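Secondary and tertiary structure notes
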Amino acid sequence: MPLYGQVIIGPPGSGKTTYCDEMSKYLQEMGRRVAIINIDPANDSLCYKAAIDISELITVEDVMDYVNLGPNGALIYCIEYLEKRLDWLLEKLRKLTDYYLFFDCPGQVEIYTHHNSMKNVMSAIKNELDLRLCCVQLIDCHYCSDPGKYISALLMCTSTMYQMELPHVNILSKIDIAVKHKSKLLFNLDFYTDVLSLDQLLDALQNDAHTSRYHRLNKAIVSLIEGQNIVSFVPLNVKDKRTLELVRKNIDRANGYIFNPEENQNAEMLNSVMQLDINDLTLDVLEDLPKSDSLDTMMQT
């Protein structure tokens, strides 16, 4: 039987570790056996119990002390070292044959945009263990508050999707913050999730004194993103189980996850109660956060 899992990536502060913790709890409630693997050698404050922790092999602090590198260089060194010592990771992963796996990854974006070690590590794991992986990229929703930041996020997602060579789901994390400050957004939520006509972003960039001087560059980047047409987002508030369920459905569809009978029954129950599709989502809908008690009770019945 194949294994299934998620590779959680994204810039620093986008909520990767919190996502691993909350989504793993959610899947466990559904009856799925979950194991989290920490492969961030700079993460020394985990909010979950890691089944495998790269700090047992190497840490950024050790590299900085003994190889005399800065924090960014040390992190890349650690991932390259993991690639060389892949047998260490594979040996531990082979003990998790009945688990759904989360790989909590570092936040240094160049590891996913153009550096090859992380791609090589995941490719080797996938082939050795018959592991069906989905890359889950978290982007903090504050990027939506600035047209320039949003375009940079789109460009980064496009580059990462080609570089990692895995099924890919992009997530706008901390969407509750966007709900709280929705009056400051230039467009509705579907503009940011569906990546609609970006010509409107060019108009907004022209009205900004800092970005108007780069009109030709902005136009070229927007043309590139629209020409590839591969980026879209799923909104997520980790405290809102409606959005957790929406993210879960998209990821399971991407990596072809097959439910076990008990879990399938729970999933059908969830879908019958939370009839929420991404096309139905607005900031006003997300503002109406259902009481978690009602959903918890449903999961336990």
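Here, the structure is the one placed above.
These remarks concern the structure in this document. None of these values were measured; they are calculated from a predicted model. (Residues numbered from 1 in each chain as written. Predicted model: local features only at pLDDT ≥ 70, side-chain atom pairs only at ≥ 80, totals over all residues. Heavy atoms only, no water.)

What about the nonpolar core?
Here is the rule: Buried Ala, Val, Leu, Ile, Met, Phe, Trp, Tyr and Cys residues that are joined via side-chain atoms within 4.5 Å together make up what is termed a nonpolar core. Under the scheme applied here, a residue whose accessible area is under 20% of the maximum for its type counts as buried, over 50% as exposed, and between as partly exposed, the area being computed with a 1.4 Å probe on protein chains only.
By size, the foremost hydrophobic cluster in this structure holds 38 residues, and its most contacted members are Leu 89, Leu 93, Phe 103, Met 122 and Ile 125. Listed in part, the 31 residues of the second largest apolar core include Tyr 143, Leu 185, Leu 201 and Ile 225.

Quick notes on the pairing of strand β2 (residues 34-38)
Going by this rule: Secondary structure is summarised from DSSP: a helix means a run of H or I of at least four residues, a strand means a run of E of at least two, and numbering begins at the N terminus for each. In short, DSSP must find at least two bridges between two strands for them to pair.
The buried count for β2 comes to five of five residues, which makes it a mostly enclosed element. Along β2, one buried face is formed by Val 34, Ile 36 and Asn 38 and the opposite face, lined by Ala 35 and Ile 37, is buried too. As paired strands, β2 and strand β3 (residues 52-53) are joined by two bridges and run parallel to one another. Counted as the bridge partner of Ile 37 is Ile 52 from β3.

Examining the pairing of strand β5 (residues 131-140)
The test is simple: Look down the strands so they point away from you; if going from the first strand over the helix to the second traces a clockwise path, that crossover is right-handed.
Within β5, nine of the ten residues are buried, leaving the element largely enclosed by the surrounding structure. The pairing of strand β1 (residues 3-9) with β5 spans seven bridges and is parallel. By the bridge assignment, Leu 3 is partnered in β5 with Leu 131. Judged from the six bridges that link them, β5 and strand β6 (residues 168-173) form a sheet pairing that is parallel. Opposite Gln 137, over in β6, you have Asn 170 as the bridge partner. For the handedness criterion, the β-α-β arrangement of β5, helix α7 (residues 147-164) and β6 is classed as right-handed.

Concerning the packing of helix α10 (residues 199-206) against helix α11 (residues 215-228)
Definition in use: The axes used here are C-alpha line fits, helices contributing only the stretch in contact, and every angle between their N-to-C directions lies in the interval 0 to 180 degrees. Throughout this description, any angle smaller than 35 degrees is read as roughly parallel, any larger than 145 degrees as roughly antiparallel, any in the 65 to 115 degree range as roughly perpendicular, and the remainder as oblique. Crossing handedness: left-handed means the near helix sits turned counterclockwise from the far one by under a right angle, and right-handed means the same turn made clockwise. Residue contacts are defined here by distance: any two heavy atoms, one from each residue, within 4.5 Å place the two residues in contact. Think of it as three bins: nonpolar holds Ala, Val, Leu, Ile, Met, Phe, Trp, Tyr, Cys and Pro, charged holds Asp, Glu, Lys and Arg, and polar takes everything else, Gly as well.
It is the contact of α10 with α11, at a shortest axis distance of 10 Å, that shows an interaxial angle of 160 degrees. Overall, the two elements α10 and α11 adopt an arrangement that is roughly antiparallel. Every pair of crossing elements has a handedness; the one defined by α10 and α11 is right-handed. Where α10 abuts α11, its residues Asp 199, Leu 202, Leu 205 and Gln 206 lie against His 215, Asn 218, Lys 219, Val 222 and Glu 226. For the contact of α10 with α11, the per-class residue count stands at three nonpolar, three polar and three charged.

A short note on helix α6 (residues 117-129)
Here is the rule we go by: One fewer than the residue count of a helix, multiplied by 1.5 Å, yields its expected span.
Between the first and last C-alpha of α6 there are 18 Å, a value that for 13 residues agrees with the 18 Å anticipated at 1.5 Å per step. Along α6, the residues classified as buried are Ser 117, Met 118, Lys 119, Val 121, Met 122, Ile 125 and Leu 129. The first or second residue beyond α6 is Asp 130, which carries a positive phi of 50 degrees.

Section: the sheet that holds β3
The strand order across the open sheet built from seven strands is β3-β2-β4-β1-β5-β6-β7, with neighbouring strands paired in parallel fashion. Only two strands of the sheet have a single neighbouring strand rather than two, namely β3 and β7 (233-235). With three bridges joining them, β6 and β7 adopt parallel strand pairing. Directly across from Ile 171, in β7, lies its bridge partner Val 234. Sheet contacts for α7: β1, β5, β6 and β7; angle to β5, the most-contacted strand, approximately 165 degrees.

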